[in-house]
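Listed below, chain by chain, are the residues.
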Amino acid sequence: MHNVVIVGAGPAGLSAALAAAAAGAPVLLLDSNQRLGGQYWRNSSEPIESQKDQHFDLDTGMLLMNAVKARKEISVWNGAQIWSASHKDGVNTLRVLHQGGEKIINTANLVLCTGAYDRTLPFPGWDIPGVMTPGGVQSLIKGHGVLAGNKVVVAGSGPFLLPVAAGIIKAGGQVVELLEANKSKRWLLSPLTLLENITKLKEAFYYIKTISQGKVRARFGVAVIAAHKGVDGKLESVDVATIKRNFKVKKTRNVKCDVAAIGWGFTADTSLAGALGCKLKVARDKGVVAEADSNQQSSIPGIFVAGELTGIGGAELSMAEGVIAGISAAKFVGCKVEISRAHKKRRAKKQRFADALIRSYPVKSGWLTWLKNETTVCRCEEVSVGNLKYAIEELGATDSRTAKLFTRCGMGLCQGRVCGRSVVDLVAAELNISPTDTDRISAVNRPIISPIPLGVLAAGE
Amino acid sequence: MQSNIEFTFDGQKMLALPGQSVGAALLAANQRTLRTTRFNENERGVFCGIGICFDCLVVINGVGNQRACLIEVTAGMNVQTQVGSHA
Ligand SMILES: Cc1cc2nc3c(=O)[nH]c(=O)nc-3n(C[C@H](O)[C@H](O)[C@H](O)COP(=O)(O)OP(=O)(O)OC[C@H]3O[C@@H](n4cnc5c(N)ncnc54)[C@H](O)[C@@H]3O)c2cc1C
Ligand code: FES
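Summarised in this report is the structure supplied together with it. Please read all numbers here as calculations on a predicted model, not as lab measurements. (Residues numbered from 1 in each chain as written. Chains lettered and ligands numbered in written order. Predicted model: local features only at pLDDT ≥ 70, side-chain atom pairs only at ≥ 80, totals over all residues.)

1. A few points about the overall build of chain A
What counts here: Starting at the N terminus, helices and strands are each numbered in turn, a helix being any DSSP run of H or I of at least four residues and a strand any DSSP run of E of at least two. Radius of gyration here uses only the C-alpha atoms, and the compact-globule reference equals 2.2 Å multiplied by the residue count raised to the power 0.38. By the convention adopted here, residues are in contact when the distance between their C-beta atoms, placed from the backbone, does not exceed 7 Å.
In terms of regular secondary structure, chain A is built from 14 helices and 22 strands. A globule of 461 residues ought to have a C-alpha radius of gyration of about 23 Å, and chain A, at 22 Å, matches this closely. The dimensions of chain A, computed from C-alpha atoms along their principal axes, are 65 × 55 × 45 Å. Within chain A, contacts between residues separated by at least 24 positions form 67% of all contacts whose residues are at least 6 apart in sequence.

So this is what it looks like as structure tokens:
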């Protein structure tokens, strides 16, 4: 029997590995991280039992991680970065950097659980050292035991801001402001979903308890719209604005801080799925995700997709999808196993919660009014708002793809992972049009999954 | 508490805990600037923390464009601020 190859060892990948192994399939589980757990259960090299206070539910994570390590059908490659991939005649070829060398995997069967990363919006000063993503601040604490700074402003939108603020306080840092751009009332849009997913409410209260111990109160309808550096070139303060429902500024004040953690939810990491040719689509939050059928199969037979890669919905939905993807993959390699109705019911319930999240934390176009001509948009290639406007007004670009070619916006090392989504919105607003799905999908086209410095490959051989 | 690992940053002696990334160990020492940009020579440091943004680029043992937030510190590692694209 062939191996089921699974990429990503977060909630989705761990669940998929266990489900496939339980069905009798041999599994190879790969992750670029040094440890299992993905983003949600990110952990450090300290004994894992000592890390529980940085987590709402590390017990479930430990259960899955220990089960994966214990099962003889599952081989794990940690520190394995897939840097390039292609699909031809039913065979997927993955080029993997592992233990200082390159390994090539050819397989007909793949489960992609590559997760997501923080969505960011450009604003004046967002490239000053000290402005970070909430996920970045959290990963430094969970993965390395390091607080990024002493006085932190946590801002943006989405429920993820709560665990980040709580984590900073538990690690001994000070959260000077916790700012949610949307109004808290938006949750009333989905009362039944809230009741049905009561563990999610418990999770929120768990974080809110810690946050109130840190003597911070969350403010709603407030956003960070600019950052300023001091004479040392480091972040010194941010401009905090009360905003309207459409995100346009009402009134501004200045707040001193040494770190600003600002994020607007998540963007799926479709790099690997895209390179293999899996069909991508635009989700309700306008983010690009991998398309999946009811068995979590992508548009390519034999390639299954699960977790945040198929749409942002949190760890529990990722697990529910992972189980189904693992079973489907085992079936594909010949195991006698079926997806039960209970599995699909569980996924549907978590999906309703994910849909409610998207309704509750929209990103409204008023953020575009926070930008100035000199604001950097593409951090890699140092392209400003003014450069993009010039490409449109003077060079005649009529869509984001052309504007990109004129300015190199989104064509640096990160390949538009950071700015791509915002550029599509910015260019469309400038042209007074609505972005098409093709605009959005073409913005995530990345020939290389992760650029590897020349010296690294050479040194490994 | 585990014992510290020694490495250097721009020739200066630094300490890291086992398993810590270069970026985390440098932030712990309040060292926020990891590189300067190619065109405007702006200072940049850790931004996404998970290997997505390529803003934390440093030169490690002579090889440039390495992500400080991903690479674990090893004993004796020679880390340098990256200036421009380190061609
Ligand atoms: C920084 C960060 C922190 C988060 N923290 C929380 C939190 O505290 N609470 C919460 O509810 N939600 C959190 N989330 C949301 C989170 O993404 C989900 O809840 C959950 O982790 C999704 O599970 P997943 O299995 O889909 O993906 P992930 O957990 O993101 O796992 C994906 C894995 O795939 C690996 N991978 C991706 N591409 C490759 C490649 N090319 N080669 C090798 N490996 C690869 C990654 O290293 C990663 O470990 C966080 C997200 C981010 C980005
Ligand atoms: S901080 Fe983003 S890649 Fe290292």
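From this point, things continue past the structure.
2. What to know about the sheet that holds strand S5 (residues 91-98) of chain A
All names here are of chain A. How we decide: Here, a strand pair is defined by DSSP locating no fewer than two bridges between the strands. Every axis corresponds to a line fitted to the C-alpha atoms, with the helix fit spanning only the stretch in contact, and the corresponding angles, defined between N-to-C directions, vary from 0 to 180 degrees.
Read across the sheet, three strands follow the order S4-S5-S6 without closing on themselves; strand pairing throughout is antiparallel. Each edge of the open sheet carries a strand with a single partner, namely strand S4 (81-88) and strand S6 (101-107). Here the average twist between neighbouring strands, direction ignored, is 15°. Where S5 and S6 come together, seven bridges link them in antiparallel fashion. Each residue of the ladder has a partner; that of His98, found in S6, is Gly101.

3. Section: the nonpolar core
Basically, it comes down to this: Only buried residues count toward a nonpolar core: Ala, Val, Leu, Ile, Met, Phe, Trp, Tyr and Cys, linked into one set through C-beta atoms within 7 Å. Counting other C-beta atoms within 10 Å of its own, a residue is labelled buried from 20 upward, exposed at 12 or fewer, and partly exposed in the gap between, with every C-beta atom placed from the backbone.
Counting residues in hydrophobic clusters, the biggest one holds 170 residues, and the most contacted among them are A:Ala16, A:Ala17, A:Ala20, A:Val111, A:Ala165, A:Ala260 and A:Val305. Ignoring any residue separated from it by four or fewer positions in sequence, one finds A:Ala165 in contact with A:Val154, A:Val175, A:Leu178, A:Ile211 and A:Val216.

4. Comments concerning the interface of chain A and chain B
Which entries qualify depends on this criterion: Under the grouping applied here, Gly and all other residues not named as nonpolar or charged are polar, the nonpolar ones being Ala, Val, Leu, Ile, Met, Phe, Trp, Tyr, Cys and Pro and the charged ones Asp, Glu, Lys and Arg.
Each partner contributes to the interface: chain A provides 30 residues, whereas chain B provides 31 residues. Elements represented by at least two residues in the side of chain A that touches chain B include exactly strand S8 (116-118), helix H3 (134-144) and helix H14 (454-460) of chain A. Looking at the side of chain A that touches chain B element by element, the count peaks at five residues for H3(A). Residues belonging to the side of chain A that touches chain B are distributed by class as follows: twelve nonpolar, twelve polar and six charged.

5. Concerning the packing of helix H8 (residues 315-332) of chain A against helix H9 (residues 341-360) of chain A
Residue and element names in this part refer to chain A. Where we set the bar: Orientation is classified from the angle alone, with under 35 degrees giving roughly parallel, over 145 giving roughly antiparallel, 65 to 115 giving roughly perpendicular, and any other angle giving oblique. Each helix crossing is assigned a hand: it is left-handed if the near helix lies turned anticlockwise from the far helix by less than a right angle, otherwise right-handed if that turn is clockwise.
At their nearest, the axes of H8 and H9 sit 9 Å apart, and the two run at 150° to each other. Comparing their axes, H9 and H8 come out roughly antiparallel. Here H8 runs over H9; the crossing is left-handed. Contacts between H8 and H9 involve Glu316, Leu317, Ala320, Glu321, Val323 and Ile324 from the former and His343, Arg346, Arg347, Lys350, Gln351 and Ala354 from the latter. Residue classes in the contact of H8 with H9 are distributed as five nonpolar, two polar and five charged.

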